[in-house]
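Spelled out from the first residue to the last, the chains are:
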Amino acid sequence: MGSSVDQETYQQQLRARSLAGYYTEPAGEPPAPRTCAGLACHLARRRSGAGPEPGHREVHCLGWCDQGPTTLSAANAIATSAGPGGTPPAIRLVGDTAIVTARLAAGDHSALDRARRAGVYGALARALKAPPTAVLDALEASGEQGRGGAGFPTGRKWRLAAATPASRRFVVANGDEGDPGSFIDRLLLEQDPHAVIEGLALCAYAIGASEGLVFIRAEYPRARVVMEAALGEARAAGLLGPAVLGTGFRLEIRVVAGQGSYVCGEETALLNAIEGRRGEVRVRPPFPAEAGLWGCPTVVNNIETLVNVPWIVARGPAAFRALGTTGSPGTKAFCLSAGFRHPGVVEAPYGIPLATLIRELGGGGTDGELAGVSLGGPMGSILLPHEWDVAVDYPSLAARGIRLGHGGLVALPAGTHWAELLVHWASFMARESCGKCAPCRLGSARAERLARQLLAAGGVAGHGTDAGHQLRELLDVVASTSLCGFGQGIPGPLETLRALVAGER
Amino acid sequence: MSPTRTPTISLQLDGQAVTAEPGEFLLDVARRAGLGGALPALCRGEAGTHGPEPEGGCRLCLVEVAGRDRPVAACHTPVTAGLVVRTDSPRLKSLRRGVLELMADETPGAGRETARGGGTAGQFRRLLEAHGVAVRAGAEARPESAVSRAHPYLRFDGEACITCRRCLQACADVQGQFVFEVAGRGAGTRLIFGAGESFLASPCVSCGACVEACPTGALFDRDREPTREAGPVPGARVVQTVCAYCGVGCRLDVTVAPAPDGSGVPTVQAITGTREASVNGGHLCAKGRYAHGYLQSGDRLTTPLLRTPTGWQPLSWDEALAWAARRLREIRDARGPDALGVLTSSRSTNEAAYLLQKLFRTVIGTNNVDCCARVCHSSTAAALQLMTGTGAASASYADIEAARLIVVAGANPTEAHPVVGARIRQAVRRGAALLVVDPRRTELAALAHQHLALLPGTNVALFNALGRVILEEGLADEAYLAERTEGLEGLQGFLGDQPLETAAAVTGIPVESIREAGRRLGQAAGSAGGVLFVTGLGLSELTQGTASVMTLANLALLTGSIGRPGAGVLALRGQNNVQGNADMGAMPDQVTGYQAVADPAVRARVAAVWGREPPARPGLTVPEMLAAARSGHLKALWIQGEDIAQSDPNEAGVRAALESLELLVVQELFHSETARYAHLLLPAAGALEQEGTFTNAERRLQRVRAAVPAPGEARADWTVARDLANQLGAGWDYPDPAAVMAEIARAAPALFGGVDYGRLDGDGLQWPCPRPDHPGTPIVHQDRIVRGRARLMSVPYEPTPETTTGDLPFLLITGRVLHHYNVGTMTRRTPHRELEPADFLEMHPADAGRLGLGDGMEARLRSRYGEARVPVRHSTRVSPGILFLSFHFPDSHTNALTSTHGDPRSKCPEYKVTAVAVTAS
């Protein structure tokens, strides 16, 4: 032997050391009490003047942005501004067709019998009587785009995975809704889990997979419990297992718990996390649809995306395309934070003007006029009121260089301290950068230092300072050279904030 | 080592049309097009230092692709037809500078590695300079408190590390050891390895691949320590030669610089693997790379020494050779030429071996010529020669990468032939199937798809059983057998009478496992690609050594493997030039080029070159010479660089033989165990101190060059043979080793006719190379089996006489460990002693517990022949009842235990099975 050190023991120990420093909530360790430091809760806490809870660990975010500030106890009990346990968010609909929130609006559908009475699993039952290609064709024809942020056509992803020769394929539900400001996936996982399962099952059937995984982030402990129970019920009812609904279709689905890393929302990092590795992004190609989990073709879909699937399969692509715009068919569930007069979830067809969402549906800020909104989380955009005259659909937003992300809207109240927000944003980046590529790994820490210098220099006084210049150049380098969407995306809003601090806009 | 692709698409790189294969990465295409210089990459080293998957982390190889809105990293961007790419622009330069600035700012030790020197280690520093990035003030002045020097060779300066992960890639993709990981996240990401960042607490094999790959010099080694900050020593130069340890034959780049003591004597400063070498592609093992300190050891022999009643008396070379010539002549005249014998050195050059065997055959007049091939692969050579017409490996190392199924039988290459071991590991990682036949759970056995842990000495029963399964299940390559072999019917009949149940009982392997392995072999037969059989001394060094190799060769023939690319037989040779010694005629029955000395035509042919015929009667083998010495028939022995008193079996018998000689002349580097018995000791030059050629296990002749001068009066071995011959009146006139090789080509034209020093630069030539225009032969038997038709052999299993008894309940296997080499003459005189300070007895914890032997306690071993005391190491690599012991330290007296048994055909001794008793001391 090369040395007296046992290879297998060494690899286990090395892997453990490598992971322990990576995840903030490593499996097997009892959770600490957590305070949500997501953007909405951060602003809410600043507004109320409340400091961080003593003995708490800060997390981004707990997904209760409509009623922050929020905490999660060591026993995983949530508490919001509405009190212990929180309160169900307001669900509203623009137009007359609810897809994503159809059942949410009527309450909790996590129990199988209630879900089935509401029609869940009907699409699956019908689909299993037709060939898998029928599902593929329907999805492709529907033009559905992934709701997780990238907007990639769902049907094309499935087709690629189905066409890649393999003896084993996987479908994964991406329940790592990390974007502060977004909470629709948490709601769906907790109150409509069977719709997620049905979407995943349809995907599995379409691409020829018999193994599915639901990855749920560490910050959503309740979603994990509910999903486990829903899977158990579904299995017992023959909706999962060796013969789904008595057909030859076999499907097993299990829950994989996240361990605390924002970047794991990125699909390749998520795959690494599932494989028990550090949640670092992988270089592409290969794309997961060609070589994902353990090298097998894998479709990773966002939760909201999956909930759309049974509707599309049941009602047909034409009905779906009748909603929204040509470039962005269907509806989108927008999450409005506590800073709006009317927070909650709004499901609206794509194409709705942003100003309508903010002013009419959100009712503007709690304290009157808003300084701006954050759209689409940390990698999205900060939009000032004069920029709200845009239709919310992929082509219109792209033409203006705006990224929709997860569709979360956080109200930035009048008098928002831009330098303070800059520090908040940059420290989030530094905390969550995975460390895989140099510009993001090193640039995030430096951006935070520079932001703190600007804050210390007194906000507007930072105009024209060296730190401001350095930050601008740094953000350009990080955005232009980073490996994944995280490093490429976060510098956008940071640059907006820097410009606001510098008084350049 | 990857198959060549045919470029099929074209794209534009910096305005230049370039062709590529779709799917190739842009960086590789750009580097091939010579644009690599403009395209820096810190996380992707040169080809051969990493696997196929790009890291994508440093972001410096950014390029602009027309139509893309942001720069892309060339290292993980596949090319498509018509791509228009710019690798350099003011914008790209500025972005790269931005990333480099970040790295420089966050790396306090960035300035510790010199930018001069040109090696990989200076890559980061040179990039910083090229992009005008200043190394942060004060960085160079910070103390190197973080650098650990606990390991004898390896150093890590965490403050200079940029976590580019090239060390991870090299460790995984070159060596296959997986020592490194990264921990932490974001800016806190850092390199980790053994607990507390200690290499000694890791499975590190000290191969240095990480040091070679590190672009910052954060990972460095003892040999680079003096030049890390100061830069190259003025007057340093690089000499290319071949490693002097095992028979893999790695090419070395030896950096030689004037000694730091002011004497100005050229000294070895560092050794690295030759990047472009076919054998090792830049890789080395710890021995080849670091264990060179023995050259400067204070106890080198530096002058001829004559034994006198009052001690060793120094002589001049003229005096020494005159004395030797006189004594040789006296003994020959008094006792006849067959009272003399010679052992050539498998550590020395082809030219030295050739001249010494020629001297004894023509000037003295005896065929008593042998070498240590006798005690290692003589069985392999005998079996393969009989069955196929040539005794050497049929395959080459390149077949490892081409193989779909590799069988490693009786070999432990990750320790004994580490660079080949690493190549096999990598082949398995890339998808080759691996089957290991070994009583021990070696590293490769642990990695294998199937491990057949047979009882020591039962190969023949197992291989016959596997052959039976292949035939029974109709999996043999019928077309190959019909066209290229004979004796199939006989074999079928013979194997039909060998029940699998009997084999299972003999070998200890269940019938089902035998059947599974047989099917695995059979399913790989013929058009499925054949099987590559990598063999070692676990087959050869047995009383059934020849039979083991014969029955294995049956399997190679049944599967149609011999002569097929990616298949065949690859016998791993133990010493750097043991292949060459046999090739040169250091065998009692064959002269240069495996020509039978008993054949009058052969004698006439060599006489035309030598001017004198060798005697017709074959001479004595090593064990026979030693027996003849003990019986008083052999009176004089010339030993060139071999320590048989430690290395040969039945130590007591060897020492008795040496003691009874009237004349023993030993050419050596040191006062070895054998040298104690010498009448005349001649100081030898080491392998890094002389010119010539070595031939490795894949029949490759490569040039050996003197990197440094030999100390004192020590001399190159070939000159000693020449000058002795001239003292004996031979009138030999060889100005240099090239002239010797020119004669070898004439003496054995079928194998070496085209070999010439003019053709031996670089990767040299693989014999047979019969003509000056012949390219050499990577795969023997490719067009036809050398002997016409290969003979299938029906050989029954016969148990070794070394059986266990109630009194001797254990079976002992002897062999090598990673950090030492054979009798340890060289490695024991280096810091390798710190890596492995002593021989140890591997014993299953259950046995050890029963005997009350704690880990590290000394055990007393007793065999029918002798005793030894060695520390015990608990290990599940051996099964209960089986023991393993190395023989690197003379005080262990491992070979006091080994038996007098040997293979009756090859005379190879049985090192691999000895019945012993073990007690607590």
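Given the structure is predicted, the values throughout are model-derived calculations rather than measurements. (Residues numbered from 1 in each chain as written. Chains lettered and ligands numbered in written order. Predicted model: local features only at pLDDT ≥ 70, side-chain atom pairs only at ≥ 80, totals over all residues. Heavy atoms only, no water.)

1. Considerations on the overall build of chain B
Then step 1. A tally of regular secondary structure across chain B gives 32 helices and 37 strands.
Then step 2. Relative to the compact-globule value of 29 Å for 921 residues, chain B shows a C-alpha radius of gyration of 29 Å, a close match.
Then step 3. Seen through its C-alpha atoms, chain B measures out along the principal axes to roughly 90 × 70 × 65 Å.
Then step 4. When burial is assessed residue by residue, chain B has 64% of its 921 residues classed as buried.
Then step 5. Considering only residue pairs separated by 6 or more positions, chain B has 71% of its internal contacts joining residues 24 or more positions apart.
Then step 6. On chain B, roughly 30100 Å² of surface is accessible, and the fraction owed to carbon and sulfur atoms is 51%.
Then step 7. Looking at chain B, you have 92 positive and 96 negative side-chain charges, and the mean spots of the two groups are 2 Å apart. (Helix = DSSP H or I, 4+ residues; strand = E, 2+ residues; numbered from the N terminus. Rg over C-alpha atoms; globule rule 2.2 N^0.38 Å. Buried < 20%, exposed > 50% of the residue type's maximum accessible area, 1.4 Å probe, protein only. Contact = heavy atoms within 4.5 Å. Areas by Shrake-Rupley, 256 points an atom, 1.4 Å probe, with all protein chains shown as cover. Lys, Arg positive; Asp, Glu negative; His and termini not counted. Charge placed at Lys NZ, Arg CZ, Asp CG, Glu CD.)

2. Concerning the overall build of chain A
Then step 1. Of the regular secondary structure elements, chain A holds 19 helices and 15 strands.
Then step 2. By the compact-globule yardstick of 23 Å for 505 residues, chain A fits well, its C-alpha radius of gyration being 22 Å.
Then step 3. The C-alpha extent of chain A, read off along each of the three principal axes, is 70 × 70 × 45 Å.
Then step 4. By the burial criterion, 60% of the 505 residues in chain A qualify as buried.

3. Focus: the confidence of the model for chain B
Then step 1. Residues of chain B with pLDDT of at least 70 account for 98%, and the chain-wide mean is 94.
Then step 2. Interface confidence for the predicted complex, expressed as ipTM, amounts to 0.95; the pTM equals 0.92. (pLDDT = per-residue confidence, 0-100.)

4. Some points on the packing of helix α4 (residues 166–175) of chain B against helix α13 (residues 418–429) of chain B
Residue and element names in this part refer to chain B.
Then step 1. Running from amino to carboxyl end, α4 crosses α13 at an angle of 95 degrees, the nearest separation of the two axes being 7 Å. Comparing their axes, α13 and α4 come out roughly perpendicular. Contact with α4, carried on its side by A172, D173, V174 and Q175, involves A422, R425, Q426 and R429 of α13 and no other residues of that element.
Then step 2. Broken down by class, the residue content of the contact of α4 with α13 amounts to 3 nonpolar, 2 polar and 3 charged. (Axes fitted to C-alpha atoms, helices over the stretch in contact; angles between N-to-C directions. Parallel < 35°, antiparallel > 145°, perpendicular 65-115°, else oblique. Nonpolar A, V, L, I, M, F, W, Y, C, P; charged D, E, K, R; others polar.)

5. Let's talk about the interface of chain A and chain B
Then step 1. Each partner contributes residues to the interface: chain A has 46 residues there, and chain B has 54 residues.
Then step 2. At the surface where chain A touches chain B, the tally comes to 7 salt bridges.
Then step 3. For the salt bridge of R185(B) with E432(A), the shortest nitrogen-to-oxygen distance reads 2.9 Å.
Then step 4. Here chain A is connected to chain B by 30 residue pairs in polar contact (both at pLDDT 80 or more).
Then step 5. For the side of chain A that touches chain B, the elements supplying multiple residues, two or more each, are α1 (7–20), α15 (418–432), α16 (438–456) and α17 (466–481) of chain A.
Then step 6. The element contributing the most residues to the side of chain A that touches chain B is α16(A), with 8 residues.
Then step 7. For the side of chain A that touches chain B, the per-class residue count stands at 18 nonpolar, 16 polar and 12 charged. (Salt bridge = Lys/Arg side-chain N within 4 Å of Asp/Glu carboxyl O. Polar contact = N/O pair within 3.5 Å; in protein donor to acceptor, adjacent residues only side chain to side chain.)

6. Quick word on the sheet that holds strand β16 (residues 369–370) of chain B
Residue and element names in this part refer to chain B.
Then step 1. Spatial strand order, β14-β13-β27-β26-β25-β15-β16: 7 strands in an open sheet with mixed pairing. In this open sheet, the two strands that pair with only one neighbour each are β14 (311–314) and β16.
Then step 2. Where strand β26 (residues 663–668) and strand β27 (residues 680–683) come together, 4 bridges link them in parallel fashion. The partner of E668 across the bridge, within β27, is P683.
Then step 3. Packed on one face of the sheet, helix α9 (residues 350–364) meets β15 (340–343), β16, β25 (636–640) and β26 and runs near 170 degrees to β15. (Pairing = 2+ DSSP bridges.)

7. What to know about the packing of aromatic side chains
Then step 1. Counted under the stated rule, the structure contains 17 aromatic pairs over all chains.
Then step 2. Here Y205(A) and F249(A) contribute two aromatic rings whose centre-to-centre distance is 5.2 Å and whose plane-to-plane angle is 70 degrees, an arrangement assigned as edge-to-face. Here Y205(A) is found in helix α8 (residues 193–207), whereas its partner F249(A) is found in the loop between α9 (221–236) and β9 (252–257), with 44 residues between them in sequence.
Then step 3. Exposure remark for F249(A): the relative accessible area of 9% places this residue in the buried category.
Then step 4. Ring centres 5.3 Å apart and planes at 80 degrees place the aromatic pair Y245(B) and Y821(B) in the edge-to-face group. Placement of Y245(B) in the loop between β10 (237–242) and β11 (251–258) and of Y821(B) in the loop between β32 (810–815) and α30 (832–835) is noted, with a sequence separation of 576 residues between them.
Then step 5. You can call Y821(B) buried: its relative accessible area is 2%. (Phe/Tyr/Trp six-rings, centres within 6.5 Å; stacked < 30°, edge-to-face > 60°.)

8. Brief notes about the environment of E834(B)
Then step 1. Summarising the element assignment, E834(B) is placed in helix α30.
Then step 2. For the pair E834(B) and P152(B), spaced 682 residues apart in sequence, the C-alpha to C-alpha distance is 6.9 Å.

9. A short note on the pattern of salt bridges
If the charged atoms of two oppositely charged side chains come close together, the side chains can form a pair.
All names here are of chain B.
Then step 1. On inspection of all chains with the given rule, the structure shows 88 salt bridges over all chains.
Then step 2. Between R224 and E113 there is a salt bridge, and its shortest N-O distance comes to 2.8 Å. Taken together, the residues span a long stretch of sequence, with R224 in the loop between β9 (219–221) and β10 and E113 in the loop between α2 (90–105) and α3 (123–130) at a distance of 111 residues.
Then step 3. Each member of the salt-bridge network shares a partner with another, and the members are R112, E113, D157, E159, R224 and R228.

10. Focus on the sheet that holds β9(A)
All names here are of chain A.
Then step 1. Across the sheet, 4 strands lie side by side as β9-β8-β7-β10; this open sheet has parallel pairing. Pairing within the sheet leaves two strands with one partner each, and these edge strands are β9 and β10 (298–302). Within this sheet the neighbouring strands show an average axis-to-axis angle of 20 degrees, counted without direction.
Then step 2. Pairing between strand β8 (residues 211–216) and β9: 6 bridges, direction parallel. Paired with F215 across the strands is V256, a residue of β9.
Then step 3. Relative to β10, helix α11 (residues 303–315) is tilted by about 95 degrees, and along the sheet it contacts β7 (170–175) and β10.

11. Observations regarding the pairing of β8(A)
Along a regular strand, successive side chains alternate from one face of the sheet to the other.
All names here are of chain A.
Then step 1. Most of β8 sits out of view: 5 of its 6 residues are buried.
Then step 2. In terms of strand pairing, β7 meets β8 through 6 bridges, oriented parallel. Within the sheet, the bridge partner assigned to V171 lies in β8 and is G212.

12. Things to note about unusual backbone geometry
Then step 1. The linkage connecting R284(A) with the following residue, P285(A), adopts the cis geometry, with an omega of -5 degrees.
Then step 2. Along the chain, P285(A) falls in the loop between α10 (267–274) and β10.
Then step 3. Geometrically, the link from P285(A) to P286(A) is a cis peptide bond, its omega value of 5 degrees lying close to zero.
Then step 4. Mapped onto the elements, P286(A) comes out in the loop between α10 and β10.
Then step 5. With a phi close to 55 degrees, E197(B) is a non-glycine residue in the positive phi region.
Then step 6. Tracing the chain through its elements places E197(B) in helix α5 (residues 194–197).
Then step 7. In this structure, R699(B) takes a positive phi of about 65 degrees despite not being glycine.
Then step 8. Among the structural elements, R699(B) can be located in the loop between β28 (692–695) and β29 (700–704).

13. What about the packing of α8(A) against α11(A)?
All names here are of chain A.
Then step 1. Interhelical geometry of α8 versus α11 gives an angle of 70 degrees and a closest axis separation of 7 Å. By the angle between their axes, α8 is roughly perpendicular relative to α11. For the pair α8 and α11, the contacting residues are A195, V196, E198, G199, L200 and L202 in the first and I303, L306, V307, V309, P310 and V313 in the second.
Then step 2. Residue composition of the contact of α8 with α11, grouped by class: 10 nonpolar, 1 polar and 1 charged.

14. Concerning the nonpolar core
Then step 1. Among the nonpolar cores identified, the biggest contains 150 residues, and W158(A) and M103(B) are the most heavily contacted of them.
Then step 2. When residues of this core are assigned to their parent elements, the largest contribution, 11 residues, is made by α8(A).
Then step 3. Residues within four places of M103(B) in sequence aside, it is in contact with A438(A), L442(A), L42(B), C58(B), F124(B) and I162(B). (Core = buried A, V, L, I, M, F, W, Y, C linked by side-chain atoms within 4.5 Å.)

15. Quick look at the environment of V823(B)
Residues and elements named next belong to chain B.
Then step 1. Mapping V823 onto the fold places it in the loop between β32 and α30.
Then step 2. C-alpha separation for the pair V823 and A645, spaced 178 residues apart in sequence, amounts to 9.6 Å.
Then step 3. Apart from residues no more than four positions distant in its own chain, V823 is found in contact with D643, Q646, S647, R828, F887 and H888.

16. Here's the deal with helix α7 (residues 184–191) of chain A
Then step 1. Most of α7(A) sits inside the fold, with 8 of its 8 residues counted as buried.
Then step 2. Residues of α7(A) that are buried: I184(A), D185(A), R186(A), L187(A), L188(A), L189(A), E190(A) and Q191(A).

17. Examining the pairing of strand β34 (residues 858–863) of chain B
Residue and element names in this part refer to chain B.
Then step 1. Alternating positions in β34 separate cleanly, A859, L861 and S863 being buried on one face and E858, R860 and R862 remaining unburied on the opposite face.
Then step 2. Hairpin connection from β34 to strand β35 (residues 867–874): 3 residues lie between these consecutive antiparallel strands.
Then step 3. Strand direction decides the pairing type here: β34 and strand β37 (residues 914–920), joined by 5 bridges, are antiparallel. Paired with S863 across the strands is V916, a residue of β37.

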